[in-house]
Structure formats: structure tokens, C-alpha cells
Amino acid sequence: MGNLYIADEVDVCVIGAGHAGCEAALAAARMGLKTILFALNLDSIAMMPCNPHIGGSSKGHLVREIDALGGEMGKNIDKTYLQIKMLNTGKGPAVYSLRAQADKAKYHTEMKKVLENTENLLIRQGEIADIITEDNKVTGVVSESNALYRCKAAVICSGTYLQARCLYGDTIIESGPNGLRRSEKLSACLERLGIKLFRYKTGTPARVDAKSVDISKMKAQPGDERVIPFSFENIDKDISKPQYDCYLTYTNEETHNIIKANLDRSPLYSGVIEGTGPRYCPSIEDKVVRFADKTQHQIFVEPEGEDTNEMYIQGMSSSLPEDVQLAMYRTIPGLENVRFTRTAYAIEYDCIDANQLKLSLEFKNIHGLFSAGQFNGTSGYEEAAAQGIISGINAAAYIKGIEPLILDRSEGYIGVLIDDIITKESREPYRMMTSRAEYRLLLRQDNADLRLTEYGYKYGLISQERYDRFLAKKAAIENEIKRVSKINFGPADEVNSLLEGLGSSPLSTGVNMGDIIKRPEITYDMLAPIDTERPDLSDEVREQVNIQIKYEGYIARQMKQVEAFKKLEAKKIPEDIDYDNVMGLRLEATQKFKSVRPVNIGQASRISGVSPADVNMLLVYLNGYRG
Ligand SMILES: Cc1cc2nc3c(=O)[nH]c(=O)nc-3n(C[C@H](O)[C@H](O)[C@H](O)COP(=O)(O)OP(=O)(O)OC[C@H]3O[C@@H](n4cnc5c(N)ncnc54)[C@H](O)[C@@H]3O)c2cc1C
């Protein structure tokens, strides 16, 4: 490090203005702390280097939870979407999930505007090359130009940029995504601080010129007529606007044959790529190899923005040579004459194994150093933003000396995400899925505000006005459920003719209205004609009343499971426990406990490779523990 000069003195430095960094910086600044947000290029703030969409299965849940905590992603996509859809409506409400096509350029511009107009927040272009610590405590960060920014906490959100290199065929470019420069120096500093780094990889498809695409050979995929906002601050008519279509087409045998014939030219299959890729976002060559029996794969052609002709070819991520890419893309119906605007590529980058972190996303061995996003070994904008807001809140809480926000697995997908990456072993980029959430019937996207707004308000990220609206909504739901529980219907003509009209069996005796709503073919809204005293309620309140009554039994059963879960989470493990003293513990369990350092019995029992017998040994030891 050359001669340093003191450039600034702040509370929090956030390294990286991707989806994680933006949320982290906004949270810390909105909690009143002087914050600087660094990026290698300010014109890439909140950039979407891959798919032009926000949300989707389980990811829509994360966006809603970020919004309920007072984050920005939901509001930003409501302003900049091209198309919005509620997915999985053929299944139960636990897996309903919002997904929106985003105008990438506008998403960036709107987020940059919000950052620039946030009090206590400065955005700054430049590479952070060093993190300064004294007695294992963060005291500052240093840029490539030897500028020292003194701070009390720092959040690393460096994404896919650390020592990044982009590969397709035998073309290897030492750069970040989209031709942006990579971060050269920070990795070495992190290793000096004793942080273990891994190489992960991910990939993206080509972008093509819409003028060269024949959509008449594809199936249009329109958005939903009724637009449901991501943010609980918005209602449908606030954000409704004309929507853009996406288009569905398929690969075929010819596509697959070209791929199979050129696998030896793929850096993925020739071993040039060292990093581990995401199993659930496979490249097309991976899909052709892994699902060899499939004769076609779905391909979605998606607009990247209103003011561009570039289109994204979802499902065709690849690192095959450019000539092979062009040949295989041109076998797909509608892409016969396709012209690339950007070549598909894979990217490798440095990241960490998150079990070096506490559940607050602070490093176990460095006080005041936090991290979030792809750097923590996850993949996806939503996963990054979810960690971003938590790390920002907790960096601020660390400085303020207040309790960090740690959500458990029964409170939110964010809790599941962070517990999984900290506790469980993962050797590939982690992507959120509904199947990962054991209490998913309680963690629906529709009730994220009921679950998390209190926390957002407690940490100062939810305004009094919004909080009051939230309390009114909550009260309206509770009052209406109470009112419905007191209403009984007899086998009167107008009741039975309504039920028969709805294809439901008529009443023969008096029945509570709630029990009628529990019938699969009936909803709360359908009974309005016979429920004359019904108050005028908003869509959101009626939706909650319907779901909470209809699934009452299932919800109650899951609440019971949560009680048992919370009992184990309440069994704390002392921070200074010496696992070598726990008699009868298997070596593997001792090693795992030492590396993860679980904070309670529940977390200990979720560590992969730890058996129930090991947990019992630990419980016996703790019962006699005198510290
Ligand atoms: C090619 C490609 C393909 C992808 N494919 C998929 C996919 O298929 N599915 C999926 O879910 N996700 C995919 N992603 C991942 C997705 O882009 C990321 O999950 C998301 O962008 C992560 O957000 P983040 O905030 O962690 O980091 P990023 O969005 O990567 O942002 C990192 C930020 O850190 C800054 N930065 C880095 N180092 C420094 C430094 N030393 N000093 C200052 N600033 C620094 C950068 O300028 C940038 O602002 C892909 C990403 C890429 C690049």
C-alpha cells in the first residue's frame, strides 16, 4: 500500500453496488448512519448481468420479504417492469409467486436515483483494494488510489467481480461481467485477513437483435391482466400499464447434435473452467448432457427493455465457442436468422463459504466486517438483495450497539436462506427454492408484511405512516375473520341456490360461514351475495381472510411444528464451548461443530453430517455445563 490519504470518515462502507450492496447501503443510511457505497462503475449500479427478471418461484417471496422490511427491490421493479405474472396459481397459495420482466436500463436508473437522493448516503466509483483492521476490528477501507475511508463497519458485496474471468470456447477475458473491469486486489487482502476463498462460476446466454427474431414461429407469453405489485406500498392501479410479451420456443435434435459434437471445445468440459456452477441454472450444454433423453428444451425469448432491441434467450446460457453458439441458436424455430448483440459466456469469480459468517452475516473472526450476495456463495438478484438488507441492518446495529436482526426459518425465506448458507455445507452457488422452506405454508408471499413489517419498523426502515396503514390492515383482517366465525347460514333458498350455482352442494343444516369457505370450490369473495353485512375491504385484506380461513387447519398444524422448532432454537449453546470436551462426540461432528459454531441446538441438528446421537451427546454435555 502506497502513501494513504484520508478521503473520508464515515460509519459504514459498502463494497459493491449490485443488488446486495444497494439494499445494504440504503438500510444503513436510512437507519441514520453515514454511509458510502462503492462500485467499480457507477453506470452498472443494480445491473442485471443475466436474466431480465425479478422474482419467480420462491424468489418472489424474497422480494416481498425485502419490501416488508423496508427494502427497495420491490418498489424498484414495480416502477420498471415490462410484464408481471403470478406463477403457480394452479397450486396452493404457499407456492404462488410473483415474477416480473424488468426494463434493465430503467431498473438501474431508478435505483441510482434512489441512492443519490438518500440522506446520509454517498455513491463513489473506484476499486476498494484493502480493508484495514486493528485488533480484529474493521477501521477502514482503502481504494486503488490509496484513499483511506475510515469506517466502523464494512459490508463486502463484490458479486461476480473478484478475480473474475469470462470464458467461451478458448476465448478467456480477465474481466467482470458485460465487459466491465474486474476487481483485482481485494481477494489478496481477504486472504491476508484469513478469509478462505472459493472459485464459483455461472453463465449467461447470448443477447440477440429483435429485428433478426421471427416471433411468428413462437408462442407469445403475455403478462397477467390484473397487475399485482411486489411492494406492499403499491396497489394494482398505481402501477398498471401496457405490458410486453415474452415468447416460447424450443431446442431440437439438431441443436443437441451440434452441442454434443462440440463438447470438447467447451471450457466447461475441457476442464479450463475451475469454478463450480449452479445445478439449478445449468448451461444448455449441461442440460443436453444431463438430460440426454429429452428431445427438446424450453427457450424463452425475453425483451431487455422498452428502449432497446436486445432480447435475452432464457435457457441458452453457454460457454461454447462463438461459431458453435451461432450455429446452435440458428436451429431454434424463430431464430433461424438470429444475429447476436452479445455472445454467451461463463464467468468465474472468487467468493466465500458462508460458514465463515455468523447468522448476522458478520465474519466470525473480524468484528464489523459483514458480507452479502453472490460473494457469500449464492446465485440470483433476489438472494443477493435479501442478504444485502440484513447485512446493512446488522452493520448499523453493530455500530449502534443494538441486537442484530436474525430471522429464523419459521419467520421468512430470508431466514431459511441465511441459515442454510451458514449452517449447511454447500459446494455450488445456492439458489432459493420453495422446497427448502419447511414452513412454507406460513411463509407465503401474500403475508410477508404480516410476518416482517414489525422488524422493519423496529429498525427504523418502515415509516410511521406505512406502519399505521399496516396495523389498520392487520386489524381489518382479524376483525373480519372474527366476524365470519360468528356467522352461520341455514339451508335457505338464496344460500343453496348460490352454492349450487357455484357447483357446491347445498346446505341441509346450519353451517358456519368459515366452514363453507373451507370447501375447495368456494372462496370468501363468492359468498358476498349472501353476506349482506360484509364491510368494504381491500383486495389484500379479503385475500388474507380467504387464505387464513380456508387453510386454517393446515396452518394450525404447521404452527405446532414451529413451536417444536422454536424449542430447539431456544436451547442456546455457549459461544466459548470447547467441543473437544464433549464426551462421545464423533470426530466428524466435533470438526463440523468447531467450524460452524452453532448458536443453538436447532442449528446444530441441521449441520450436514451431524447425527441425532451427536446432538444428544451435546445436550447431555450442556445439561452439566457450568461455563
Ligand atoms: C454472467 C452471469 C450470469 C449469471 N447467471 C445467473 C443465473 O443464471 N441465475 C441467477 O440466479 N443469477 C445469475 N447471475 C448472478 C446474478 O447476477 C447475481 O446473483 C447478482 O447480480 C448478485 O448480486 P450482488 O449484489 O451479489 O453482486 P453483483 O450484482 O455482481 O454486484 C457486485 C458489485 O460489486 C462491485 N465491486 C466488486 N468488487 C469491488 C471492489 N473491489 N471495489 C468496489 N466495488 C466492487 C461491482 O462494481 C458491482 O457493483 C449471473 C451473473 C453473471 C455475471
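Up top is the structure.
A few points on the structure.

Taken together, 36 residues are adjacent to the ligand, and H19, A20, I128, Q374 and G380 come closest. G380 is positioned with one of its backbone polar atoms (N or O) 2.7 Å from an oxygen atom of the ligand. Protein contacts shield 97% of the accessible area of the ligand, which totals 980 Å² for the unbound molecule. Of all the secondary structure elements, the ones that give two or more residues to the shell around the ligand are α1 (19-30), β3 (35-39), β14 (197-204), β21 (345-352) and α10 (381-400). The dominant element in the shell around the ligand, judged by the number of residues it contributes, is β14, at three residues. Of the residues contributing to the shell around the ligand, the split by class is 18 nonpolar, 16 polar and two charged.

The buried fraction of strand β9 (residues 137-143) amounts to five of the seven residues, a majority that puts the element mostly inside the structure. From the end of strand β8 (residues 128-134) to the start of β9, which pair antiparallel, there are two residues, and D135 there has a positive phi angle of about 50°. Two elements, β9 and strand β10 (residues 147-150), share three bridges in a ladder whose sense is antiparallel. In the strand pairing of β10, V142 is matched with L148. The antiparallel pairing of β9 with β10 creates a hairpin that spans three residues between the two strands, and N146 there sits at a positive phi of about 60°.

In this section: the pattern of salt bridges. The full count for this structure, using the stated rule, is 59 salt bridges. With its nearest N and O atoms 3.3 Å apart, the salt bridge here joins K106 to D103. Look at K106 and you get partly exposed, because its relative accessible area is 27%. The exposure class assigned to D103 is buried, which follows from its relative accessible area of 3%. Taking the shortest distance from any N to any O, the salt bridge between K104 and E304 comes out at 2.9 Å.

Two elements in contact, α10 and helix α11 (residues 413-423), have axes separated by 10 Å at closest approach and are oriented at 90°. Classed by the angle they form, the pair α10 and α11 counts as roughly perpendicular. Contacts between α10 and α11 involve E383, A386, Q387 and I390 from the first element and I414, L417, I418 and I421 from the second.

What follows deals with the packing of aromatic side chains. If you walk through the whole model with that rule in mind, you get eight aromatic pairs. Note on Y457 and Y467: the rings are 3.6 Å apart at their centroids and 5° apart in plane angle, and the pair reads as stacked. Of this pair, Y457 sits in helix α12 (residues 448-458) while Y467 is found in helix α13 (residues 464-485), placing the two residues ten residues apart along the sequence. On the basis of relative accessibility, which here comes to 11%, the residue Y467 falls in the buried class. Geometry around Y81 places K241 over its ring, the cationic atom sitting 4.3 Å from the centre.

Moving on to the nonpolar core. Core analysis: the largest hydrophobic core is formed by 107 residues, its most contacted members being I131 and V141. Looking at this core, the element that brings in the most residues is α10, giving ten residues. Those residues in contact with I131 that sit more than four places away from it in its chain are I15, V138, G140, V141, I156, L186, C189, L190, L193 and L369. M218, I284, V288 and Y329 belong to the second-largest nonpolar core, a separate cluster that totals 23 residues.

Definitions and limits used
Position numbers for residues start from 1 in each chain and track the written sequence from start to end. Side-chain atom pairs in this predicted model are given and counted only at pLDDT of 80 or more, local residue features only at pLDDT of at least 70, and totals for whole chains, interfaces and linings cover all residues. With hydrogens and water stripped out, all remaining heavy atoms of the structure feed into the side-chain values. Throughout, the term near means that a residue has one or more heavy atoms lying within 4 Å of the molecule or strand in question. In the analysis that follows, any N or O atom pair within 3.5 Å is treated as a polar contact, provided that within protein one partner can donate a hydrogen and the other can accept it, and provided that, for residues neighboring in sequence, both atoms belong to side chains. Areas reported as accessible are Shrake-Rupley estimates using a 1.4 Å probe. Residue values count occlusion only from the protein chains shown. Only DSSP runs of H or I with at least four residues qualify as helices, and only runs of E with at least two residues qualify as strands; both kinds are numbered from the N terminus onward. Residue polarity is assigned by list, with Asp, Glu, Lys and Arg as charged and Ala, Val, Leu, Ile, Met, Phe, Trp, Tyr, Cys and Pro as nonpolar; anything else, Gly included, falls into the polar class. Three labels apply to residues, based on accessible area from a 1.4 Å probe with only protein chains included: buried if under 20% of the type maximum, exposed if over 50%, partly exposed otherwise in between. Here a strand pair is declared whenever DSSP counts at least two bridges between the two strands. Any Lys or Arg side-chain nitrogen located within 4 Å of an Asp or Glu carboxyl oxygen qualifies as a salt bridge. Axis lines are fitted through C-alpha atoms, for helices just across the contact stretch, and the angle between N-to-C directions can take any value from 0 to 180 degrees. When describing relative orientation, an angle under 35 degrees is termed roughly parallel and one over 145 degrees roughly antiparallel, while 65 to 115 degrees is termed roughly perpendicular and anything else oblique. In this description, contact between two residues means that some pair of their heavy atoms is separated by no more than 4.5 Å. Any two of the Phe, Tyr and Trp rings considered here, Trp counted by its six-membered ring, make a pair once their centres fall within 6.5 Å; the pair's planes then place it as stacked at under 30 degrees, edge-to-face at over 60, or tilted in between. Note on geometry: a ring has a charge over it if NZ (lysine) or CZ (arginine) is within 6 Å of the ring centre and within 35 degrees of the ring normal. By nonpolar core we mean a set of buried residues, namely Ala, Val, Leu, Ile, Met, Phe, Trp, Tyr and Cys, connected to one another through side-chain atoms within 4.5 Å.

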